[in-house]
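# Coordinate inspection notes
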Amino acid sequence: MLRGRDDERARIGQLIADARHQHSGTLVIRGEPGVGKSTLLGYAAQAATGMRVLRGSGVEAETRLPFAILHQLLYPVRRRVDDLPSAQRGAVRAALGFADGHDHGRFLVAAGVLTLLGELAVDGGLLCLVDDAHWLDEPSADALVFCARRLEAEGVALLFAARDFPAPFRGLPQLEVGGLPVAHAERLLADRAPGIAPPVCARLVDLTAGNPLALAELPALLTARQLAGRDPLPDPMPIGPAARRLFTERLARLSAGARRLLEVAAVDDSGDLRVILTAAGTGDAGLTNLHEAEQAGLVEVRDGRLVFRHPLMRSATYHDATFGGQRAAHLALAAALDPVGQPDRIAWHRAAAAVGPDEEVAAARERSAARAMSRGGAPAAAAAWERSAALSPRAADQGRRLVEAAYAWWTAGRAPSATSLLREAEPLVDSAAVRSRLLHLRGLVELRCGMPDAAYPVLIESAAAADPPAAARTLVLAAESASFNGNGARVVEVGALASRLAGDPGPDPLVVRMLTGTASIFAGEWAAGAEALREVVAEAERLRDPEALLWAGRAAFYLGDQAAARTLHQRSADLARAAGALGVLTISLDRLAFSHLLLGRVADAEAAATEGMRLATEIGQDEAVVHHLGTLTAVYAIRGDEAAFADHADRAGALVAARDVRLVGAMLTWARGLLDLGLGRPQNALDHLAQLGGGTTGHPAIRLWATPDLAEAAARAGRPEEAADAVDAYGQWARRTGMPSALAAAARCRALAADPATAGRHYEEALRLLGEAEPRPYDEGRTRLLYGELLRRGKQRSRSRTHLRAAVEAFERLGAERWADRARRELRASGETARRRTADSVTALTPQELQIARLASQGASNPDIAAAVFLSRRTVEYHLHKVFTKLGVVSRAELATLELEPA
């Protein structure tokens, strides 16, 4: 299959089409080895249906054999040579070896070839294909170029393919072919290696510059773990036999000094010309060797850097060298580098040259790993720690370094790699502190990617052996594990363990207060627990650790302060994004999306959850995936999108069943109730929401947040008594929190259970309280719809319209079309026809477009946006173009004036 070559095919197609209409033409296709030139020639042959096709290919061994290519081309039509004029016939026959004869001169041979080609094209046109034209023998090249310059109305198409542009072809039309476009290169890799991880796919495309031959061969040269992103890719990359032959045969023609220079350059990762020349040890001959390599077209010098002309050239040079040659190059570079300014590169080269355990080299590599980690380079740090472990003479040091490598891989979002190293490290660890650290990471991985319930005992064991600061951090995760399954007893147990750390100066006091405060709330001691959690939220402003902000946001959730939770989780996401900590970012986005959902900011919830799910899927973080799916089911339930709801609910349900995440299971039950409620099926909604009270489908937190929906479902189903206990408990919680939004929801619940004469007072109170809280469009729309219905039924149609119109507008902006339909029906029943609005231009944006639009409106540049949302600059430009079109703006200045807050 010819991929990503639309322009090239169009150019070739035009050449062939012209030939069919008696217009001759020539095209020289040029490009690096393996780029697909021969494939394009094959395409041309297939496209030339009804035309005569002649083919030839240059061979290096035959470059000095006169007319070798002409012989290949014309042999199939040799009998037509006899039809040529006498002089031309004799010259061509002699040139092709069909007859003895004296030298008739190249001009006569070329003239005879021109005549022959013209005659062959009479019936439908002629296509001549010459591959590897850089190896044309000179007489054949002269004859063919002669023809190319004189062909006009014969209907002949000459198509050459060459790596460079042979001197005889100067002045002829040419087409330079590069690597495949990224999308097509990735599809080629995906076809060759189904299941390849997207980041690995992108890296391979980048390293091969989209070279199709290299891409086709690489999957067979890499392990399944490397393709899946679980193990690091080799550097330099391996190179397949076909591609290697194309490059190494050029290396073979170099002198020993020039080859040595290129071997050093292939091992070097900086391209620093001074360092390479010093390490190559060539003295005054170094520049001569460099000139030789440049003349061979293998390298070039740009701004003081030695650069291989093609990425595969470096790989071919490296892999063509012997192990001794590679080792010598590494050691020479280590000696040539500045020990003060380049300690990490020196350590890398010395480690690469090591042939056995060496503690001095291992320690240097470990120091490099720590520096890389401090700069946010987790993958590089992981590789450095792994190499340091491999060079460690003592088993204990090896185990410790493997644990650190596992942590680095986890930070980079590579859970499988982290798990594998933990298994390898466990039998080597002999220190309680290192074992505690190993258990901490094992519990964290289990929490995020495995069975959250199984993570709890591992984390408790880790905390017991850890120093106080580490114990506190581990207990936070243990509490999270307990809360996922609504296990209040475990939450209280964690609080008791944390209270023992309260007097120790090591742990962050905010962490301890968060744990003890949460435990107090679960133990029924609201006053003490809430006071501690309020301190946590108030003091979280000083936090700069994205993980610490996650637990501060959890404290805000327990207090019912969703606005503070959103702010804290947004900061957590921003910090994690800036640090490239994808493992934390996916969790931050989950908490952020849920905060938006509780605030009724549906589009924001969808945008955060969609991005988070994409990232979590890429890095294999199942726990985050299932949480994001749970949030998205609630989003689509609110909107009444049954198809999207069913798709996401099915996917989430399968993960919930596999991992026993009761929190998300309860979320799905809540979302099903929301969907039925919005679709006017209150009895079904009540059946679902009633399940949240206990059993395998219940969860105390979800039960609490779903109570207003339970109250409405019970009231509409004519069974308000079934929600009475939950409403009473919710009211107590709302009064304890003192949050206006919670008190407003409690007032709405009371209104639903009240008689018509007093219900209006409760709705008025709910709307007043909502006015004091951060905007909650969904809650306000629901409250106004219920109040408007009550007023209309009470014959107060004029008053009802005010609330019903506001409800319609709120639901339309949310994209909650089923709720909007219900509000419109009520408005019509009040005597006013609601005009159905066309889709709001902002709500028409996809979640990703909305995210990009907001960043652009805030003044972020395209590169900044690309970094923020982990997309390429070109992708950002593409989405921004669509945003401008949908919103009807032509500049960022206009974009900044729009209200990009549809929910």
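Look a little higher up for the structure.
Remember, predicted model here, so these are calculated numbers, not experimental data.

For any pair of aromatic rings, the description consists of the separation of the ring centres together with the inter-plane angle of the planes. Scanning the model with the defined rule gives 9 aromatic pairs in all. Aromatic ring contacts, followed pair by pair, group Phe-557, Phe-594 and Trp-705 into a single cluster. Sitting above the plane of the Tyr-407 ring, Arg-437 keeps its charged end 3.8 Å from the centroid.

In this section: the environment of Ala-148. On the secondary structure map, Ala-148 appears in helix α6 (residues 138-150). Among the residues examined, Ala-148 registers a relative accessible area of 12% and is labelled buried. Taking C-alpha positions, Ala-148 is 7.9 Å from Leu-172, a pair spaced 24 residues apart along the chain. Apart from residues lying up to four places away in sequence, Ala-148 is in contact with Thr-26, Leu-158 and Leu-172.

This next bit is on the pairing of strand β6 (residues 299-302). Bridging between β6 and strand β7 (residues 305-308) involves 4 bridges; their strand directions are antiparallel. Looking at the pairing, Glu-300 lines up with Val-307 of β7. Taking the residues that link successive antiparallel strands as the turn, the β6-β7 hairpin has 2 residues, and the phi of Asp-303 there is positive, at about 50°.

Attention shifts here to unusual backbone geometry. We note that Gln-22 has phi near 65°; this positive angle belongs to a residue other than glycine. Examined against the element boundaries, Gln-22 turns out to sit in the loop between α1 (6-20) and β1 (25-30). Residues other than glycine seldom take positive phi values, yet Asp-132 does so here, at roughly 50°. Summarising the element assignment, Asp-132 is placed in the loop between β3 (126-131) and α6.

Here we come to the packing of helix α18 (residues 359-374) against helix α20 (residues 395-411). Two measures define how a pair of helices packs: the angle their axes make with one another and the distance between the axes. Between α18 and α20, whose axes approach to 12 Å, the crossing angle comes to 25°. In terms of orientation, α18 lies roughly parallel with respect to α20. Between α18 and α20 lies a crossing of left-handed hand. Of the residues in α20, those touching α18 at Glu-359, Ala-362, Ala-363, Glu-366 and Met-373 are Asp-397, Arg-400, Arg-401, Tyr-407, Ala-408 and Thr-411. Grouping the amino acids of the contact of α18 with α20 by side-chain chemistry returns 5 nonpolar, 1 polar and 5 charged.

So, about the packing of helix α33 (residues 642-659) against helix α34 (residues 662-678). Their axes nearest at 10 Å, the elements α33 and α34 cross at an angle of 160°. Between α33 and α34, the angle is such that the two are roughly antiparallel. Handedness of the crossing formed by α33 with α34: left-handed. Between α33 and α34, the residues in contact are Glu-642, Phe-645, Ala-649, Ala-652, Gly-653 and Val-656 and Val-664, Gly-665, Leu-668, Ala-671, Arg-672 and Leu-675, respectively.

Because the α-helix completes a turn every 3.6 residues, residues three or four places apart line up on one side. Relative to the 20 Å expected for 14 residues at 1.5 Å per residue, helix α26 (residues 509-522) spans 20 Å between its end C-alpha atoms, a close match to the ideal helical length. Of all 14 residues that make up α26, 10 are buried, and the element is covered over most of its length. Within α26, burial applies to Leu-510, Val-511, Val-512, Met-514, Leu-515, Gly-517, Thr-518, Ala-519, Ser-520 and Ile-521. Those residues of α26 hidden inside the fold are in contact with α24 (468-484), α25 (488-499), α27 (526-539) and α28 (546-558). One side-chain oxygen of the residue at the start of α26 lies 2.8 Å from the amide nitrogen of Leu-510, identifying that residue as Asp-508.

Turning next to the sheet that holds strand β2 (residues 52-57). Sheets are built from strands that pair by backbone hydrogen bonding, the pairs being arranged parallel or antiparallel. Spatially, β2-β3-β4-β1-β5 is the arrangement adopted by the 5 strands of the open sheet, whose pairing is parallel. Two strands close off the open sheet at either side, each with one partner strand: β2 and β5 (174-176). Ignoring which end each strand starts from, the neighbouring axes of this sheet average 15° apart. One ladder, built from 3 bridges, connects β1 with β5; its direction is parallel. What sits directly across from Arg-30, in β5, is Glu-176.

When charged atoms on two side chains of opposite charge get close, those side chains can pair. Applying the stated criterion across every chain yields a total of 56 salt bridges. Across the pair Asp-268 and Arg-345 runs a salt bridge, and its minimum N-O distance is 2.7 Å. On the criterion of sequence distance, the pair formed by Asp-268 in the loop between α12 (256-267) and α13 (273-280) and Arg-345 in helix α17 (residues 343-353) is long-range, its members being 77 residues apart. Accessibility expressed as a relative area gives 17% for Arg-345, which makes it buried.

Our focus in this paragraph is α33. Between its first and last C-alpha, α33 extends 25 Å over 18 residues, near the 26 Å set by a 1.5 Å rise per residue. Along α33, the residues that are buried comprise Ala-644, Phe-645, His-648, Ala-649, Ala-652, Val-656 and Arg-659. Taken around the axis of α33, the buried residues stretch over an arc of 115°, which confines them to a single face. Across from the buried face of α33, at angles greater than 90 degrees, the exposed residues are Ala-643, Asp-650, Ala-654, Ala-657 and Ala-658. Asp-660 sits one or two residues past α33 and shows a positive phi near 55°.

Conventions adopted
- Residues numbered from 1 in each chain as written.
- Predicted model: local features only at pLDDT ≥ 70, side-chain atom pairs only at ≥ 80, totals over all residues.
- Heavy atoms only, no water.
- Phe/Tyr/Trp six-rings, centres within 6.5 Å; stacked < 30°, edge-to-face > 60°.
- Lys NZ or Arg CZ within 6 Å of the ring centre and 35° of its normal.
- Helix = DSSP H or I, 4+ residues; strand = E, 2+ residues; numbered from the N terminus.
- Buried < 20%, exposed > 50% of the residue type's maximum accessible area, 1.4 Å probe, protein only.
- Contact = heavy atoms within 4.5 Å.
- Pairing = 2+ DSSP bridges.
- Axes fitted to C-alpha atoms, helices over the stretch in contact; angles between N-to-C directions.
- Parallel < 35°, antiparallel > 145°, perpendicular 65-115°, else oblique.
- Left-handed = near helix turned anticlockwise from the far one by under 90°.
- Nonpolar A, V, L, I, M, F, W, Y, C, P; charged D, E, K, R; others polar.
- Expected span 1.5 Å × (residues − 1).
- Polar contact = N/O pair within 3.5 Å; in protein donor to acceptor, adjacent residues only side chain to side chain.
- Salt bridge = Lys/Arg side-chain N within 4 Å of Asp/Glu carboxyl O.
- Arc of directions from axis to C-beta.

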